[in-house]
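Close look at the chain arrangement
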There are 2 protein chains.
Amino acid sequence: MSIQMGGFDLGALVLPQPYLLFLGDATNPGFAKTALGLADWAPHLCVGEYGVGGHTVTADLPFMTPKDAYENGARALVIGVANAGGIIPDQWMGALVEALEAGLDLVSGMHAKLESFPRLARAALDHGRQLIDVRTPPSGIPIGTGRKRSGNRLLTVGTDCALGKKYTALAIAEGFKARGIAADFRASGQTGIMIAGAGMPIDSVVADFLAGAAEVLSPDAAPDHWDVIEGQGSLFQPAYAGVSLGLLHGSQPDVFVVCHMVGRDHILGMPGLALPTIQSVIDLTVLHGRLTNPAIRCAGISLNTASLEEAPAAEEIDRLTGELGYPVADPIRRGPAFDRLLDACLA
Amino acid sequence: MSIQMGGFDLGALVLPQPYLLFLGDATNPGFAKTALGLADWAPHLCVGEYGVGGHTVTADLPFMTPKDAYENGARALVIGVANAGGIIPDQWMGALVEALEAGLDLVSGMHAKLESFPRLARAALDHGRQLIDVRTPPSGIPIGTGRKRSGNRLLTVGTDCALGKKYTALAIAEGFKARGIAADFRASGQTGIMIAGAGMPIDSVVADFLAGAAEVLSPDAAPDHWDVIEGQGSLFQPAYAGVSLGLLHGSQPDVFVVCHMVGRDHILGMPGLALPTIQSVIDLTVLHGRLTNPAIRCAGISLNTASLEEAPAAEEIDRLTGELGYPVADPIRRGPAFDRLLDACLA
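A brief look at the structure comes next. (Residues numbered from 1 in each chain as written. Chains lettered and ligands numbered in written order. Predicted model: local features only at pLDDT ≥ 70, side-chain atom pairs only at ≥ 80, totals over all residues. Heavy atoms only, no water.)

**Examining the overall build of chain A**
Applied cut-off: Helix numbering and strand numbering both begin at the N terminus, where a helix is a DSSP run of H or I of at least 4 residues and a strand a DSSP run of E of at least 2. Radius of gyration: over C-alpha atoms. The globule rule applied is 2.2 Å multiplied by the number of residues raised to the 0.38 power. Exposed residues in this analysis have more than 50% of their type's maximum accessible area, buried residues have under 20%, and partly exposed residues fall in between, with area computed by a 1.4 Å probe over protein chains only. By the convention used here, residues are in contact when the closest approach between their heavy atoms is within 4.5 Å. Only the protein chains shown count as covering a residue, and every accessible area follows the Shrake-Rupley method with a 1.4 Å probe. Asp and Glu count as negative and Lys and Arg as positive, but His and the ends of the chain are not part of the count. One atom stands in for each charge, and that atom is NZ of Lys, CZ of Arg, CG of Asp or CD of Glu.
From N to C terminus, chain A includes 11 helices and 13 strands. Rg of the C-alpha trace for chain A: 20 Å, near the compact-globule value of 20 Å for 347 residues, within the 12% margin. With respect to the principal axes defined by its C-alpha atoms, chain A has extents near 60 × 45 × 40 Å. With 347 residues in all, chain A has 61% of them scored as buried. A sequence separation of at least 24 residues applies to 75% of the contacts in chain A between residues at least 6 apart. Total accessible area on chain A is roughly 13,000 Å²; 54% of this is exposed by carbon and sulfur atoms. A distance of 5 Å separates the average location of the 24 positive side-chain charges in chain A from that of its 36 negative side-chain charges.

**Focus on the pattern of salt bridges**
Short version of the rule: One speaks of a salt bridge when a side-chain nitrogen belonging to Lys or Arg is within 4 Å of a carboxyl oxygen belonging to Asp or Glu.
The tally for this structure, following the rule as stated, stands at 30 salt bridges over all chains. With a shortest N-O distance of 3.7 Å, A:Asp208 and B:Arg135 are connected by a salt bridge. With A:Asp208 in the loop between helix H6 (190-196) and helix H7 (210-217) and B:Arg135 in the loop between strand E7 (131-133) and strand E8 (152-158), the pair connects residues from two separate chains. Each member of the pair, A:Asp208 together with B:Arg135, is buried. It is possible to trace a salt-bridge network through shared partners that takes in A:Arg135, A:Asp203 and B:Asp208.

**Remarks on helix H11 (residues 336-346) of chain B**
For an α-helix the count is 3.6 residues per turn, leaving residues at separations of three or four pointing the same way. All names here are of chain B. Short version of the rule: This arc describes the spread of directions from the helix axis toward the C-beta atoms.
Along H11, the residues that are buried comprise Ala337, Phe338, Leu341, Leu342, Ala344 and Cys345. The buried residues of H11 occupy one face: seen down the axis, they fall within an arc of 160°. Residues of H11 that are exposed and angled more than 90 degrees away from the buried face: Pro336 and Arg340.

**Looking at the relation of the copies chain B and chain A**
The second copy of the chain is related to the first by a rotation about an axis and a shift along the axis. Filter applied, for reference: For the least-squares superposition of copies, only C-alpha atoms count, and only for residues with pLDDT at least 70 in both.
Once chain B has been moved 0.1 Å along the axis and rotated by 180°, it coincides with chain A to within an RMSD of 0.1 Å. Look at the turn and shift together and you get a two-fold axis relating the two. Mapped onto chain A, 100% of the interface residues of chain B are again interface residues, and the two copies thus contact each other with one and the same surface.

**A look at helix H9 (residues 278-289) of chain A**
Inclusion rule: One fewer than the residue count of a helix, multiplied by 1.5 Å, yields its expected span.
The terminal C-alpha atoms of H9(A) lie 16 Å apart, and with 12 residues this matches the ideal 16 Å at 1.5 Å per residue to within 8%. Along H9(A), the residues classified as buried are A:Ile278, A:Val281, A:Ile282, A:Leu284, A:Thr285, A:Val286, A:His288 and A:Gly289.

**Section: the side chain of B:Ser188**
Residues and elements named next belong to chain B. How we decide: Counted as a polar contact is a pair of N or O atoms within 3.5 Å, where, for protein atoms, one must be capable of donating a hydrogen and the other of accepting one, and residues adjacent in sequence contribute only when both atoms are in side chains.
In this fold, Ser188 is placed in the loop between strand E9 (183-186) and helix H6 (190-196). Residue Ser188 is classed as buried on the basis of its relative accessible area, which comes to 1%. Reaching out from Ser188, the side chain makes a polar contact with the side chain of Gln232 at a distance of 3.0 Å.

**What about the interface of chain B and chain A?**
Here is the rule: Buried area is calculated as the accessible area (1.4 Å probe) missing from two parts once they are joined, with the contributions of both summed. Three classes are used, and their members are as follows: Ala, Val, Leu, Ile, Met, Phe, Trp, Tyr, Cys and Pro are nonpolar, Asp, Glu, Lys and Arg are charged, and the others, Gly among them, are polar.
Residue-level contacts link 36 residues of chain B with 36 residues of chain A. Around 2,700 Å² of area is buried between chain B and chain A when both sides are counted, 67% of it from carbon and sulfur atoms. Among the residues of chain B in contact with chain A, B:Asp208, B:Pro238 and B:Leu291 are the three that bury the most area, contributing 21% of the side total. Connecting chain B to chain A are 2 salt bridges. For the side of chain B that touches chain A, the secondary structure elements donating two or more residues are helix H7 (210-217), helix H8 (241-251) and helix H9 (278-289) of chain B. When residues of the side of chain B that touches chain A are assigned to their parent elements, the largest contribution, 6 residues, is made by H8(B). The residue inventory of the side of chain B that touches chain A, partitioned by class, reads 21 nonpolar, 12 polar and 3 charged.

**Brief notes about the environment of A:Gly300**
Residue and element names in this part refer to chain A. Looking at the element boundaries, Gly300 is found in strand E12 (residues 297-304). Sequence separation between Gly300 and Leu273 is 27 residues, and the spatial gap between their C-alpha atoms is 25 Å. With residues up to four places along the chain from it excluded, the contact list for Gly300 reads Phe256, Val257, Val258, Tyr326, Pro327 and Leu341.

**Quick notes on the packing of aromatic side chains**
Here a ring pair, both rings aromatic, is described through the centre-centre distance and the interplanar angle of the planes. All names here are of chain A. This is how it is decided: Any Phe, Tyr or Trp ring, taking Trp's six-membered ring, that has another such ring centre within 6.5 Å forms a pair; planes under 30 degrees apart are called stacked, those over 60 apart edge-to-face, and the others tilted. A ring is considered to have a charge above it if a Lys NZ or an Arg CZ atom is located within 6 Å of its centre and within 35 degrees of its normal.
By the definition in use, this model includes 10 aromatic pairs over all chains. By the ring-pair criterion, three or more aromatic residues cluster together here, those being Phe22, Tyr50, Phe63 and Trp92. Over the ring of Tyr70 we find Arg75, and its NZ or CZ is 4.0 Å from the ring centre. Residue placement shows Arg334 over the ring face of Phe338; its charged tip is 5.2 Å from the ring centre.

**Brief notes about the sheet that holds strand E10 (residues 226-229) of chain A**
Residues and elements named next belong to chain A. Counted only if it meets this: Any two strands with at least two DSSP-identified bridges between them are counted as paired.
With respect to topology, 6 strands assemble into an open sheet ordered E9-E10-E8-E11-E12-E13, the strand pairing being parallel. On the outer flanks of this sheet lie strand E9 (183-186) and strand E13 (328-329), each paired with one strand and no other. In this structure, E9 lies alongside E10, joined through 4 bridges in parallel fashion. Considered in E10, the bridge of Ala183 is made with Trp226.

**Remarks on the nonpolar core**
In plain terms, the rule: The criterion is simple. A nonpolar core is a set of buried Ala, Val, Leu, Ile, Met, Phe, Trp, Tyr and Cys residues joined through side-chain atoms within 4.5 Å.
By size, the foremost hydrophobic cluster in this structure holds 239 residues, and its most contacted members are A:Leu120 and B:Leu120. Other than its neighbours up to four places away in sequence, A:Leu120 contacts A:Ile88, A:Met93, A:Leu96, A:Val97, A:Leu100, A:Leu106, A:Leu114 and A:Leu131.

In structure tokens:
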């Protein structure tokens, strides 16, 4: 079965469910975005978690062996951690083969194809199981055209990677729907695709087709419909800014929300590189976004306050609202601030 | 044989030479960049040209059948034309098979792999010939790091695609060498790679590795060495700006030259979209380029005046020099203006 999106075949992305989440040997939650995102946004799809010796990250799910998970209904093990460069280290192999032996398919969002690891390819063949790479883009993606499409679009952008662009898009899409507005969350990354069941793994697309892939992800829609598109990277991230720019041009958003994290003061993994200011992200996003949508505007700021208690979080939100003159809200804490952010998106 | 670049294997890019240039059914020189670029910059590599019924573009080389070209020494037919989307139309097939039968290898810079066309794959097998895709990037490209590398770098950028970024980089690299300066032309596109014999097909790289690929293309070098890097696309081109940005960040140029074409007033192939001003390209390139090289500066403008006679071309160069306050020169016409541009690059 394949999923059609705007007449374009986005590939066979109907995944075996529910999942056992694999945490590898992760000790830094920043590298377990996929597992933590699935546990938060699709808890009904997650029966348990598993890992190898030395892992300290948890998704707060029951620890289960693949065999136990299968007996509890799981049908796939999702590799919920990422390494820089997207490789599968040797120390994960035993656990992954164990999952295939237990009857689980493997689902991966890593760059390296599961099939490219001989032990996995062999075990999958021996046990009649599937190796599913969510990051493999569909074939036949067209070159971008810049043509204005019907319907409304919102894109989440960021001061950096891994600070809430997917969460924010999911929360806004939920918030729109709760107000009775037709809306779709449009996933551009592997976790989002696992949650939504469809999408475009934008950073795996051949570079020439970046904007075209983003155009395919949010096709023409009804005039009152909203696509809420998951952003990627940052225009100020030296490794990934090209992806962010292609996604911005192809998404042609009417509205964008800047995602930022309290306390993040340098680019993740690059200690020497200071984070851009929120205002500079707004300015540069408008400057580039105007190319494909002259009406682009910033609706507000999504602030990740996970590191703060309730009171200081509220204080920081108030302070930033005053400083920037835009609505600021934490989409996890919600509350009236989030309602004001939704109001601004729809204004 | 493979070519090493900074310890990184850029693949087996030593091409069979000399070439017969294939012009397909091209009637618009803009789509025959590869053939025209090779004829201009590597005339010693080109024994003749060939095409199918209806083609009107010429590289001013003798028309030769593949059989005649082989007898005149040619060892490869280069597909010197591109279609939007990079496909090989049916009407070219007969000529390409004829070339394989005549003993020529096929060299292509198109997105579609030669092997993916059954008639070509079959004919290559039958006649013991190679199908070489210059656009296939090497494997194992790393994620960008943003680390500052030693040596000096110049990048050509543009107000649009297809207006002289490769020519400008070739001319500047030649000009540097003529002054006794150690310099390398670094090719980022298929024609450049065919001319240089090595390089990185940047627009074919998986998007996540864009900046990393650009970092690999211009490795650490001696303090007085210059890499002169061929730019791609434009930060204001809705389909390709992501490629341009990744190349800019990974190239971390000390100096850039903006390429523009007299009379080009809209983005190629997008009649509704006005070209950006040269000043806006300078400003945006500096803004982005500072992320990986705070010392980035614009050295001047490369103006493609091919559409003008000598006198009006000189007038336009003078006018633009006065308007922008930067040296302006046409790298094809050269002369004192080009010397001033080289001076500014090295200042």
